[in-house]
Amino acid sequence: MSQASLVSKKTKQGAEAYGGYPSWVEESIWTERMLTVLGNGMKGGKWFSLMDKVYRPSTLQRAWEKIASRKGAAGVDGQSIAKFAANSERYINELSESLRGHDYHPLPVRRVHIPKGNGKTRPLGIPTVKDRIVQTAVKMVIEPIFEHEFLPMSFGFRPQKGCKDALREVDRLLKEGYTHVVDADLAGYFDSIPKDKLLARVGERISDGSLLNLLQSWLEQDVMDGVKQWTPVAGTPQGAVISPLLANVYLHPLDVLITEHGFHMVRYADDFVILCQSEERASQALAEVQRWVEANGLVLHPEKTHIGNCLEKGHGFEFLGYRFERGRRYVRRKSKNALRDKIRCKTKRCNGKSLAMIIASLNPMLRGWFEYFKHADHRTFHYIDGFVRRRLRAILRKNEKRPGHGACRADHLRWRNIFFAKQGLYTMKTAHVLACQSRC
């Protein structure tokens, strides 16, 4: 047996104590011994000497591969993925030496503003490529430590979990009669996490001073927005690779508290709902959440936090793009409006593209949107299909130098639905019919 095969076999044996070797855990970092300790419990509950695993060239190389696959924009230094790739081996060795010698210092985070509807924007931070690589390396080293403790109710930014898993759990609880729902929203969560309490929480499991200092340096990174530069007093930088993990670490005690009180919570990062069988229990759950939130330096959004029986009209709740009300799932209005805006961008009447090119650009977006929202009320799909065809008819009218929005009966008769079907346009109504047949 080769040396590589022997190492792999030993690692998998150690993983058995952990409860199975997850595919997302890096075997080059998490050895047989580490997995065994993780499965059996670390003496004293804390991990030491982790930094040497971070600055290994092999760890940084793997982190670089992950960053390169996601592409992404350049940070404040202007270094793009392509520029880093041209000399990646040299840059990785330099990063390794600077981390080993405690000479690594992150650069400021470049802030951009992403439209989020209603004329509002969401701030997003873009660290430099080098900082993203180091953050990814740290994440690969420490994530299994915390993942081993995280509860199943948490779905956001976790390996092998996602939005659909969270929605399935909500659906299951509703069907079991947990229809009184606490719909909670943490106001500005990522920007308001107390840094000292967050580091203390991480320090409950990690005692490597160099690694903790590294985490602190990211929490204290300056932010650059145009010519303005400042140091945030709280929160984790949105857009940073490490931020979602740290955000889950901070909310984990809330998961534990809610579970110990016998409540059923489904959480996706800072967005969570608690499903109960009575209004009284829902009120008790909200009271527990409020006490914990206040004690941990956070704030519940007063307008977005409420209790309601989602079987009653007007008392539903929104979660991960859906609205649950009267025993049915709907696409929430913001999600529909966001899709309409994206369709408008791709179907401008003066874009100069052929109908075939426009349809080719629309189809992947429409298909992906349907795959996520296919469990919503079917009338939504008919409405979206009609909106797309109206936009395309307006383009065809424009090509003939005729004004109009393509909504008149004559246009419907001239360019019938079958015309667009022959052009290859993806239609959600058809996809929904096929999806229903496949479930029969």
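Below is a short write-up of the structure. (Residues numbered from 1 in each chain as written. Predicted model: local features only at pLDDT ≥ 70, side-chain atom pairs only at ≥ 80, totals over all residues. Heavy atoms only, no water.)

**Some remarks on the packing of aromatic side chains**
- Tallied over the full model, the rule gives 15 aromatic pairs.
- Ring centres 4.6 Å apart and planes at 40 degrees place the aromatic pair W369 and F373 in the tilted group. Taken together, the positions of W369 and F373, both in helix α15 (residues 355-373) and 4 residues apart, correspond to about one turn of that helix. Both residues of the pair, W369 and F373, count as buried.
- Here a set of aromatic residues connected by ring pairs shows up, and it is made of F317, Y322, F324, W369, Y372 and F373.
- Between R201 and the ring centre of Y250, over which it is positioned, the NZ or CZ distance is 4.4 Å. (Phe/Tyr/Trp six-rings, centres within 6.5 Å; stacked < 30°, edge-to-face > 60°. Helix = DSSP H or I, 4+ residues; strand = E, 2+ residues; numbered from the N terminus. Buried < 20%, exposed > 50% of the residue type's maximum accessible area, 1.4 Å probe, protein only. Lys NZ or Arg CZ within 6 Å of the ring centre and 35° of its normal.)

**Here we look at the sheet that holds strand β11 (residues 328-331)**
- Pairing in this open sheet of 3 strands is antiparallel, and the strands run β9-β10-β11 from one edge to the other. Sheet topology places β9 (317-319) and β11 at the edges, where each strand pairs with a single neighbour. Direction aside, neighbouring strands of the sheet carry axes that sit 30 degrees apart on average.
- Across 4 bridges, the pairing between strand β10 (residues 322-325) and β11 is antiparallel. Residue pairing for β11: F324 is matched across the bridge by R329. (Pairing = 2+ DSSP bridges. Axes fitted to C-alpha atoms, helices over the stretch in contact; angles between N-to-C directions.)

**Points about the layout of surface pockets**
- Roughly 220 Å³ of internal volume is contained in the second largest pocket.
- Looking at the second largest pocket, it is lined by 13 residues, and the ones nearest its centre are D171, L174, K175, G327 and R328.
- If you list the elements that add at least two residues to the lining of the second largest pocket, you get α8 (163-175), β10 and β11.
- Considering every element that reaches the lining of the second largest pocket, the biggest residue donor is α8, with 3 residues.
- Residue composition of the lining of the second largest pocket, by class: 4 nonpolar, 3 polar and 6 charged. (1 Å grid on protein atoms, 1.4 Å probe; cavity = no way out; pocket = protein on both sides within 12 Å on 5 of 7 lines; lining within 4 Å. Points joined across faces, edges and corners; volume = space filled by probe spheres on them. Nonpolar A, V, L, I, M, F, W, Y, C, P; charged D, E, K, R; others polar.)

**Remarks on the environment of H261**
- Inspection of the secondary structure assignment puts H261 in the loop between α12 (243-260) and β6 (264-268).
- Its relative accessible area of 34% is what places H261 among the partly exposed residues.
- The sequence separation of H261 and W64 amounts to 197 residues, and the corresponding C-alpha distance is 43 Å.
- What H261 contacts, discounting residues up to four positions off in sequence, is R281 and E288. (Contact = heavy atoms within 4.5 Å.)

**Some points on the environment of T347**
- With respect to the helices, strands and loops of the structure, T347 is situated in the loop between α14 (333-346) and α15.
- If we skip the residues at most four places from it in the chain, T347 touches I358, L362, R391, L392 and I395.
- Of the polar contacts made by the side chain of T347, one reaches the backbone oxygen of I343; its length is 2.6 Å. (Polar contact = N/O pair within 3.5 Å; in protein donor to acceptor, adjacent residues only side chain to side chain.)

**A word on the packing of helix α10 (residues 195-203) against helix α11 (residues 209-219)**
- Axis separation between α10 and α11 bottoms out at 11 Å; the angle between their running directions is 155 degrees. Compared by their axis directions, α10 and α11 come out roughly antiparallel. Of the two elements, α10 crosses α11, and the hand of that crossing is right-handed. Where α10 approaches α11, its residues K195, L198, L199, V202 and G203 are matched on the opposing element by L212, L215, Q216 and L219. (Parallel < 35°, antiparallel > 145°, perpendicular 65-115°, else oblique. Left-handed = near helix turned anticlockwise from the far one by under 90°.)

**Quick look at a positive patch on the surface**
- A contiguous patch of positive charge, built from K116, K120, R122, K304 and K334, is present on the exposed surface.
- Inspection of the secondary structure puts K304 in the loop between α13 (279-295) and β8 (306-309). (Patch = residues over 30% accessible without salt bridge, like charges linked within 9 Å, V, L, I, M, F, W, Y side chains within 5 Å. Areas by Shrake-Rupley, 256 points an atom, 1.4 Å probe, with all protein chains shown as cover. Salt bridge = Lys/Arg side-chain N within 4 Å of Asp/Glu carboxyl O. Lys, Arg positive; Asp, Glu negative; His and termini not counted. Charge placed at Lys NZ, Arg CZ, Asp CG, Glu CD.)

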